[in-house]
Amino acid sequence: MDTARRWREQWGYIGRGGVVVLFAGEVQSWVNELRNPEHWQPGCIAVDEGGKSWTAIAGTESNGALMWLPNDPIRD
């Protein structure tokens, strides 16, 4: 999460929303909304500005992930 925050600060993405996508601890990209898991390989982690995160799961490296799974507990 710190990596995503530092990247936002360094590249001027504070206040822009969206998610920073990381793989193996390195930033891969920023996207304006969490979508298209098939564009990312399983194991990618997306982090929003509030610190919530999702992991791309299932699928294959060549065909991309099947879905984004929330890493944070659902709150009532």
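Note that residues are indexed from 1 along each chain, following the sequence as it is written. Thresholds applied to this predicted model are a pLDDT of at least 70 for local features of residues and 80 or more for the giving and counting of side-chain atom pairs; totals over whole chains, interfaces and linings are not thresholded and use all residues. Excluded from the side-chain calculations are hydrogens and water; all other atoms, namely the structure's heavy atoms, are used.

A. Representation of the nonpolar core. Side-chain atoms within 4.5 Å are what join buried Ala, Val, Leu, Ile, Met, Phe, Trp, Tyr and Cys residues into a set we call a nonpolar core. Relative accessibility under 20% of the residue-type maximum defines a buried residue, over 50% an exposed one, and the middle range a partly exposed one, all with a 1.4 Å probe and only protein chains included. Counting residues in hydrophobic clusters, the biggest one holds ten residues: Val19, Val21, Val31, Trp40, Cys44, Ala46, Trp54, Ala56, Ala65 and Trp68. If you list the elements that add at least two residues to this core, you get strand S1 (19–23) and strand S4 (53–57). Non-local contacts of tryptophan 68, meaning those with residues more than four positions away in its chain, are made with Val21, Leu34, Arg35, Asn36, Pro37, Trp40, Cys44, Ile45, Ala46, Trp54, Thr55 and Ala56. Counting seven residues, the second largest nonpolar core, distinct from the first, contains Ala4, Trp7, Trp30 and Val47. Note on conventions: DSSP H or I runs of at least 4 residues are helices, E runs of at least 2 residues are strands, and numbering of each starts at the N terminus. Contacts are residue-level and defined by heavy atoms, with any inter-residue pair within 4.5 Å sufficient.

B. Region of the structure containing the side chain of threonine 55. The residue threonine 55 is located in strand S4 in this model. Side chain to side chain, threonine 55 and asparagine 71 meet in a polar contact 2.9 Å long. Residues within four places of threonine 55 in sequence aside, it is in contact with Gly43, Cys44, Ile45, Met67, Trp68, Leu69 and Asn71. For the purposes of these results, a polar contact is taken to be a pair of N or O atoms within 3.5 Å, where, inside protein, one atom must be able to donate a hydrogen and its partner to accept one; residues adjacent in sequence count only when each atom of the pair is a side-chain atom.

C. Fine view of unusual backbone geometry. A positive phi angle, close to 50°, is found at asparagine 36, a residue other than glycine. Overall, asparagine 36 belongs to the partly exposed group, its relative accessible area being 28%. Non-glycine residue alanine 58 carries a positive phi angle of around 60°. By secondary structure assignment, the location of alanine 58 is in the loop between S4 and strand S5 (67–70).

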